[in-house]
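# Breakdown of the fold
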Amino acid sequence: MRKKLFLFVFLLCVCLCRADTATGRNKYIFLMRTAMSSNDIADWNATVDDAVLRCDTPAICQSRLNRMQCLFNFYSADSAIAEARECLPFILEAKQYSFYFSAYSTYISGLFKLRRFDEAKEEAVVMYETAQRINQPVGMVMALQVQGSMYYKLGLYGQALMVLEKGLAICPSYENGKNQVLYVSAVLYEWLFMTVLKMDDVEGIIRYAGDYATLVKWREEHEKPDPTGHYPVTARAFLALSLLKDGQVQEAKRLLDEAASFIYPQIPANAYEHFYEARCALRQAEGDYRGAIEDMDILLAAHKGDLSFYMDDLLRKAELLAYSDEPQSCAPFYQTYIQMKDSVNSLNINARIDQLHTLFEVDRLNREKRNARIWMICAFTGCLLLVLLLSGYIVYSRRLKAKNRILYRRIQEKLQRENKAAETIRQIPEGDLSRELRLFISLNELLENEKLFTSPSLNRDELAKRLGTNRTYLMEAVRAYGGNMTVGEFLNDFRLKHAAGLLTQPSGLSIDRICYDSGFASRSVFYRLFRQSYGMSPTEYRKLSEENKEG
């Protein structure tokens, strides 16, 4: 999506430049084309310098936007954010609104990429309010679109659909012929289609596939150029996906054959990502799992810089391999997906903890200021302060509880994914499994069936002896299929999962009893490892489990 925005801004610049044939402008166009080809920051700097030398305000805004997008796409999000904070006020003051809102969208995407979710959400609101204040409906639509895309990447598809449909309701008609409205409308329809596809909303899939195809047909009838072929390819891909939902495989195949004729080999594959997604679904429906996996490999390469899409592709490839003629090869992909998901969850937990610390520090500073005023005013102010502090504590507690609910839900989803992956692996003939994977499966069955982990003194040597292997082979198996853990770490993880299971059961066991029944010799070690792994104490985990059952 970011590179599509990059291409749109470049085309907009070319259109603006057609009326001016002066030598300086021609040089600027040449510099722009050079930078587009190289994506070297030095070449984009040259376009900025040329625009500044000619005192061409629109060209300055355009060049700074392109430089920021180059930093975001090919360098680092941090550098793009720094550039955005410097150039956004200038572009707004110059009233170059098309460039301004494109730059703002890239700025918010940079914050989201760095997992600064709260900041990104707040900036999307500010972007919308700014567009509303200066009466720029396209800017309002772009703000809603970027907010909807964030919800989509977080897996909040219902909220994404609500925000995107709000944007569609206020979007000007693309039939006014303005390039920016055409682009924004197309992007909005793409995100809407992707969202209803995730929700498996067949009616929505058919509706938005048709709306997108109508937009592309209008472009063609009014001779709006598309040098990349993205629009006709995507329109046919969307229609093919809607037909596959209805079981019309042959008609979907015909549309995808048409779409392939619009693809340019020199254009990056992410411009045609929906085509490869549709062809993958078609090949899967036809039983051509090898072809479907090839399409998924193209998508994995195209989405390498976008974690949410990349992880979806990784899981999809694992599922395709499970049905292919090489089912044993799906295990490493499931394992990689689980490890990446754990890594993301860990980052989210750390981000939430940082946010809580920030909230606490802000509350502390506010309390100090209020306390200073109390000694200078009257007892009434002191009483009022106590009420405010109590309210702040209640709000803080509610926020913490809400965040813990999210953590609990994601922990349960993670356990379900692990169980699904384990069930898939069990269905693979034993002869197709590697030595390490067979040993890892035997280790899990031994621990589960004989409850050896309940002994705090259990060690690697004893386990190796019971499994009829040596400590080195055992260590290699655990490291390969246990998330790169040591045997000791794996045992503690196994004990924690057992303890978490007991905490969700209405057994009435005390926390201390669960601690020792799970194989922990020390209560403090149990609490420390549980909080480190699940982001909350065992007591909080039990309360959330009870609330979840009542709900």
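Since the structure is predicted, the reported quantities are computational estimates derived from the model, not experimental observations.

Criteria and cut-off values
- Residues numbered from 1 in each chain as written.
- Predicted model: local features only at pLDDT ≥ 70, side-chain atom pairs only at ≥ 80, totals over all residues.
- Heavy atoms only, no water.
- Core = buried A, V, L, I, M, F, W, Y, C linked by side-chain atoms within 4.5 Å.
- Buried < 20%, exposed > 50% of the residue type's maximum accessible area, 1.4 Å probe, protein only.
- Helix = DSSP H or I, 4+ residues; strand = E, 2+ residues; numbered from the N terminus.
- Contact = heavy atoms within 4.5 Å.
- 1 Å grid on protein atoms, 1.4 Å probe; cavity = no way out; pocket = protein on both sides within 12 Å on 5 of 7 lines; lining within 4 Å.
- Points joined across faces, edges and corners; volume = space filled by probe spheres on them.
- Nonpolar A, V, L, I, M, F, W, Y, C, P; charged D, E, K, R; others polar.
- Phe/Tyr/Trp six-rings, centres within 6.5 Å; stacked < 30°, edge-to-face > 60°.
- Lys NZ or Arg CZ within 6 Å of the ring centre and 35° of its normal.
- Axes fitted to C-alpha atoms, helices over the stretch in contact; angles between N-to-C directions.
- Parallel < 35°, antiparallel > 145°, perpendicular 65-115°, else oblique.
- Left-handed = near helix turned anticlockwise from the far one by under 90°.
- Arc of directions from axis to C-beta.

## Details of the nonpolar core
By size, the foremost hydrophobic cluster in this structure holds 102 residues, and its most contacted members are Ile-108, Phe-193, Tyr-212 and Phe-275. Among the elements that take part in this core, helix α10 (residues 179-198) stands out by supplying 14 residues, more than any other. Excluding residues within four positions of it along the chain, Phe-193 makes contact with Ile-205, Tyr-208, Ala-209, Phe-238 and Leu-241. Ile-428, Leu-437, Leu-446 and Leu-474 belong to the second-largest nonpolar core, a separate cluster that totals 23 residues.

## A look at empty space enclosed by the protein
Tallied over the entire structure, the rule returns one cavity of 30 Å³ or more. Size it by volume and the largest cavity reaches roughly 30 Å³. For the largest cavity, the full set of lining residues is Ile-411, Lys-414, Leu-415, Glu-418, Lys-497 and Tyr-534. The leading source of residues in the lining of the largest cavity is helix α18 (residues 379-426), at four residues. Of the residues contributing to the lining of the largest cavity, the split by class is three nonpolar, no polar and three charged.

## Quick word on the packing of aromatic side chains
Here the structure, examined in full by the defined rule, presents 23 aromatic pairs. Plain terms: the ring middles of Tyr-174 and Trp-218 are 5.8 Å apart, the flat faces sit at 75° to each other, and that makes the pair edge-to-face. Of this pair, Tyr-174 sits in the loop between α9 (157-170) and α10 while Trp-218 sits in helix α11 (residues 202-221); the two residues are 44 residues apart in sequence, bridging distant segments of the chain. The same class applies to Tyr-174 as to Trp-218, namely buried. Look at Phe-440 and Tyr-481: their rings are 6.2 Å apart centre to centre, the planes differ by 40°, and that puts the pair in the tilted class. Of this pair, Phe-440 sits in helix α19 (residues 435-450) while Tyr-481 is found in helix α21 (residues 471-481), placing the two residues 41 residues apart along the sequence. Comparing Phe-440 with Tyr-481, the two get one shared label, buried. In textbook terms, an aromatic cluster arises when at least three aromatic residues are bridged by ring pairs, as seen for Phe-520, Phe-526, Tyr-527, Phe-530, Tyr-534 and Tyr-541. The side chain of Lys-113 reaches across the aromatic face of Phe-72, ending 5.3 Å from its centre. Sitting over the face of the ring of Tyr-473, Arg-435 holds its NZ or CZ atom 3.9 Å from the ring centroid.

## Points about the packing of α9 against α10
Across the interface, α9 lies against α10 with an axial gap of 10 Å and an inter-helix angle of 150°. The orientation of α9 with respect to α10, classified from their angle, is roughly antiparallel. As for the relative orientation of α9 and α10, their crossing is left-handed in sense. Packed against α9, whose contacting residues are Tyr-157, Ala-160, Leu-161, Leu-164, Glu-165, Gly-167 and Leu-168, the element α10 presents Leu-188, Tyr-189, Trp-191, Leu-192, Thr-195, Val-196 and Lys-198 at the interface.

## Quick word on α21
Given 3.6 residues per helical turn, the α-helix brings residues three or four places apart onto the same face. Along α21, the residues that are buried comprise Leu-474, Ala-477, Val-478 and Tyr-481. End-on, the buried residues of α21 take up no more than an arc of 95°, which puts them together on one face. Just beyond α21, the residue with positive phi is Gly-483, at close to 75°.

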